[in-house]
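As a plain string of letters, each chain reads:
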Amino acid sequence: MLTKSFTIILTVCLASFTVLCAQRIGNDQSPWSPPRSYCDRCHHPLAWWQLIPLLGWIVQGGHCHFCRQRIAVYNPLCELASGFFAWRLSDPELFHSFLVVLVIQALLFIASCDYYHGYLYPLSLIALLPLPLIIPNWTWPSLTTLLSDLLFLGLLTIMVTRFHGLGGGDVLFIAVLLLTFEIESTVLIILLACLGTLLAFFHSHQERLPFLPALCLATLIVISY
Ligand SMILES: [Zn+2]
């Protein structure tokens, strides 16, 4: 119970920092400088209590304490989702819980880079290496599976270049999914992500919607259930 509680708290606190890193790196800023977080609208440095994950947003009623502008709901949602999946995936074993924290942060970084800046750092996919270790009963894929995965990926790449629906980052991420999961689970993740993106489209009516946040969320849902 103690390990689980500690994993949830650590994941939520790190989630806040991971989203900040994705935001700043994409803006050519260092994650460490400026040292204090600030409001994106009025640029006023934030007080310590405003930085408490989830609680800071709730206490301020979703609006900046200084300029009263609405704070994007993306950050508290990420913190909430990270805590939820840490609760679902962690167990009393310390090393397993450490891997869960790592995988959730990697997926969050990938999702946030696409959400804020519309691209994927290919190197960030390396942080997904421990992903198979948190999937129950995971086994290495057979040669036949690898060949059918390759065929699926080839078809997907043709679709991307032909219809321009997905980006290169989306295809790279799907390639990692194919190496990690069986094809049925990969297709389920893609379908769930499509459904999520469709719902987001009806809500926001934006022409270009980032697909990686939906893929990352769908990945965590499939691992959890
Ligand atoms: Zn402000």
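Since the model is a prediction, treat every value here as computed from it, not as a measurement. (Residues numbered from 1 in each chain as written. Predicted model: local features only at pLDDT ≥ 70, side-chain atom pairs only at ≥ 80, totals over all residues.)

**Concerning the UniProt feature "signal peptide" (unreviewed entry) in the protein**
Let me state the cut-off plainly: UniProt positions are given in the numbering used here, feature names are shortened, and annotations may be inferred rather than shown by experiment. Secondary structure elements are taken from DSSP: a helix is a run of H or I of four residues or more, a strand is a run of E of two residues or more, and numbering for both begins at the N terminus.
Here, the residues flagged by UniProt with the feature "signal peptide" (unreviewed entry) are residues 1–21. Each end of residues 1–21 is marked by a C-alpha atom, and these two atoms are 30 Å apart; helix forms 95% of the span and strand 0%.

**Notes on the UniProt feature "transmembrane region" (unreviewed entry) in the protein**
As recorded in UniProt, the sites labelled "transmembrane region" (unreviewed entry) are residues 94–111, 118–135 and 172–202. For residues 118–135, the helix share is 0%, the strand share is 0%, and the end-to-end C-alpha distance is 28 Å. Helix makes up 94% of residues 172–202 and strand makes up 0%, while its end C-alpha atoms are separated by 27 Å.

**Points about the domain arrangement of the protein**
Applied cut-off: How far each domain reaches was decided by an automatic or database domain assignment. Note on contacts: each residue gets a C-beta atom placed from the backbone, and two residues are in contact if those atoms are within 7 Å.
Partitioning the protein into domains gives domain 1 (1–132) and domain 2 (135–225). A separation of 23 Å is found between the C-alpha centroids of domain 1 and domain 2. Domain 1 puts 17 residues into the contact, and the matching count from domain 2 is 16 residues. Secondary structure elements with two or more residues in the side of domain 1 that touches domain 2: α3 (74–89) and α4 (94–117). With 5 residues, α4 is the single largest residue contributor to the side of domain 1 that touches domain 2.

**A few points about the packing of α4 against helix α8 (residues 212–224)**
The criterion, for reference: Axis lines are fitted to C-alpha atoms, over the contacting stretch for helices. Their N-to-C directions set the angle, which ranges from 0 to 180 degrees. Roughly parallel refers to an angle under 35 degrees, roughly antiparallel to one over 145, roughly perpendicular to one between 65 and 115, and oblique to any angle outside these ranges. Working rule for handedness: look at the near helix, and if it is turned counterclockwise from the far one by less than a right angle, call the crossing left-handed; if clockwise, right-handed. In this classification, Asp, Glu, Lys and Arg are treated as charged, Ala, Val, Leu, Ile, Met, Phe, Trp, Tyr, Cys and Pro as nonpolar, and every other residue, Gly included, as polar.
Look at α4 against α8: their axes get within 7 Å of each other, and the N-to-C directions meet at 160 degrees. Between α4 and α8, the crossing angle belongs to the class labelled roughly antiparallel. Handedness of the α4/α8 crossing: left-handed. For the pair formed by α4 and α8, the contact residues are Leu107, Ile110, Ala111, Asp114 and Tyr115 on the first element and Leu212, Pro213, Cys216, Thr219 and Leu220 on the second. Of the residues in the contact of α4 with α8, the class split is 8 nonpolar, 1 polar and 1 charged.

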